[in-house]
Amino acid sequence: MKAGLGRNPSFTWRGIWEARKWLEAGCRWRIGNGRTVHIWQDQWIPGHISLVAEGVRGCEGLNPPLVDSLFVDNVRMWDIQKLRSLFNPSLVSDILKIPLCSDNVEDRRVWAHERNGEFSVRSCYRFISSQAGPQIAESSNMQAQQKFWKHLWKMKVPNKLKIFAWHACKDSLPTAVNLVKRKVIPNATCRMCLSEEENIAHAIFHCGAVQDLWRYYLPELIRDKQMSLVDLAMQLCERNMAGKMCTFFALAWGLWYRRNKFVNDQILLGTASVAESVHVLLRSHAQVSIKIRSEILKFYKWNPPSAGSLKLNVDAATFPGWDKAGVGAVLRDEKGRILMAFSRAEILLKGSESLELLAIFRGMQQCVTMGVSHLVVESDSLLSIDALNDDSMTNSLLGVIYYEIKKLASCFVLCLFSHVYREGNRVAHKLARNACKVDSMEVWWNSIPDCISQTVWFDECL
Ligand SMILES: [Zn+2]
C-alpha cells in the first residue's frame, strides 16, 4: 500500500497504482488491539477520513500516537476523559461508537463500502462514482449506458440474439429468482450448481457450471460475484472491446439455452458443444448477411407447419464402404417441437431417388402408426416431390414405390408433399447420417437426440 509510483512506471504498474489510491481511500481500519493504527494519519473513525486530512490538529502528548493509547490502561475500553481532552464532542461521540473486542486481536483493514467488509470491483466502482460527485458520476454513467445500448443494437448477430441480450440485461428472463418473485416456484437455488441463487448474472456468468467457458473465451473480463450482467458487458464497451460484446452475448445466449435444456428436459449439453454451436451460428450469420438477404433466406430455411398440421422431414444417406444406406426422419409441430425422430439402417438400393422415396415411405409409415391426421412431408429431393405431386411416374421403374407412398397418403385426412432446400432439411440429413451407427432402427420420442441437437438449435435461430 505504501509503494510509490517510481520514476519510469510500466503501464500495468501505473494502473495498479491508480487503483491502489481508490482501494486505500475506500478501506478503513477495524480496531483490534489498536497497536498498528495511527490516530492522526489513518482512517479508522466511521464516517471520517484521516484526522490530518480533516484538519484536526495532532497533539504532542501521545507517543507513539497509536489508537491503543486512547484505551484505559491495561483494559480495552475507551478512555473517555482522554478522548474529551483531545477531540471535539462530535468526534468523541463517533469514536465511542466503535466497538472494542475484549480479546487481543490484530487491527485489520477492511473495505468500508460493503456490509461484509469484502472488497468487490462493483462496490469500488460505486465508491469511485460517488467520490467523483453525484452529477459527474450520473452523467458519465448515463453516457456509458447510452453507448452500451447503442453497441448492443448494432451487434452483427441474428436479431433473435439481440432480443435475448436485451431481455437478459433487463432481467426479464424466467430465472429461478424471478420465478420465486412471481410465486411460480418456491426455491431460487440454481439447478446447475445447487449452491447459489440463480439470478441472470449467476445463470449465465457466475455459476460454477459455466466458468470454464468464460475463462477460455473472454479471460479479460473482470469477474466479481457482485457484478450484474450489464456491468459485465459494459466492461467490454468501456474498454473499447465492443466487438467482443457479440461473443459475450452469443455465449450468454448459448448458456441460457443449455440451462433451459437442463432445467426443462434434463439434458446436459457440454460447454464445448455450446461454444461450437455459437461459433457456427455467428460465422454462418456473417456469411449469410453478406451473401443473401433475409428475404431470400426464408426460402432456404426450415419453416414450421401451419397450426393443426405436423411436418415430417426425411432424408437418405449412403455408406458405400459398409454396403449400407440409412434413412432419417423428424416430425415437428407448428412450434418446431420434435415429437418423433428416427435413424434407420437400410440395404443399399440402387440410385439416390429410390432411397429418397424409401425415406419418405418409412417416415410416413411411422406417422400412420402414431395416428397423425394432417401431415406435410418434406424432402430435399425435388425429383421425388414433383413426381409425387403428379401421376406421371406411376408407370416408371420406381412406380411401385410411388404407388405404395400414395396408398399410405390416403390413410391421412390430409397429406401434402413439399420440397425444401437442403439447408432446411439438415436435421433429417443428420438423422440419416446417424443411421450408420444404428443396427436396425433407433427412435426418439419428444426429445432431441444428441446427433441433431446442434442442427435443431441452428434451425431455431435462422
Ligand atoms: Zn449455479
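The text that follows walks through the structure, step by step, so that each part is easy to find. (Residues numbered from 1 in each chain as written. Predicted model: local features only at pLDDT ≥ 70, side-chain atom pairs only at ≥ 80, totals over all residues.)

1. A look at the packing of helix α14 (residues 352-370) against helix α16 (residues 399-409)
(1) Moving on: Running from amino to carboxyl end, α14 crosses α16 at an angle of 20°, the nearest separation of the two axes being 10 Å. Our classification of the angle between α14 and α16 gives roughly parallel. Two packed elements cross with a definite hand, and for α14 against α16 that hand is left-handed. Along its contact with α14, which presents Ser354, Leu357, Ile360, Phe361, Met364, Gln365 and Val368, the element α16 presents Ile401, Glu404, Ile405 and Leu408. (Axes fitted to C-alpha atoms, helices over the stretch in contact; angles between N-to-C directions. Helix = DSSP H or I, 4+ residues; strand = E, 2+ residues; numbered from the N terminus. Parallel < 35°, antiparallel > 145°, perpendicular 65-115°, else oblique. Left-handed = near helix turned anticlockwise from the far one by under 90°. Contact = placed C-beta atoms within 7 Å.)

2. Here we look at the environment of Gly47
(1) Moving on: With respect to the helices and strands, the residue Gly47 is situated in the loop between β1 (27-30) and α2 (80-86).
(2) Moving on: Residue Gly47 is classed as exposed on the basis of its 9 C-beta neighbours within 10 Å.
(3) Moving on: For the pair Gly47 and Arg28, spaced 19 residues apart in sequence, the C-alpha separation works out to 9.9 Å. (Buried ≥ 20, exposed ≤ 12 C-beta atoms within 10 Å, placed from the backbone.)

3. Examining the packing of helix α10 (residues 229-238) against helix α11 (residues 243-265)
(1) Moving on: Put simply, α10 and α11 touch, their axes get as near as 8 Å, and they point 160° apart. By the criterion of interaxial angle, the relationship of α10 to α11 is roughly antiparallel. The way α10 lies across α11 gives a crossing that is right-handed. Between α10 and α11, the contacting residues are Ala233, Leu236 and Cys237 on the first element and Lys244, Met245 and Phe248 on the second.
(2) Moving on: Considered class by class, the residues forming the contact of α10 with α11 number five nonpolar, no polar and one charged. (Nonpolar A, V, L, I, M, F, W, Y, C, P; charged D, E, K, R; others polar.)

4. Digging into α10
(1) Moving on: Within α10, seven of the ten residues are buried, which leaves the element mostly enclosed by the surrounding structure.
(2) Moving on: Once α10 finishes, Asn240 follows within two positions and takes phi at roughly 55°, a positive value.

5. A closer look at the pairing of strand β5 (residues 338-347)
(1) Moving on: Sheet analysis places strand β4 (residues 324-332) next to β5, joined by nine bridges and oriented antiparallel. If you follow Val327 over to β5, its bridge partner there is Arg344.
(2) Moving on: The turn joining β4 and β5, which pair antiparallel and follow one another in sequence, is formed by five residues; a positive phi near 80° is taken by Gly336.
(3) Moving on: Across five bridges, β5 lies against strand β8 (residues 441-445) in antiparallel orientation. Residue pairing for β8: Ala341 is matched across the bridge by Trp444. (Pairing = 2+ DSSP bridges.)

The analysis is restricted to geometry; functional conclusions fall outside its scope.
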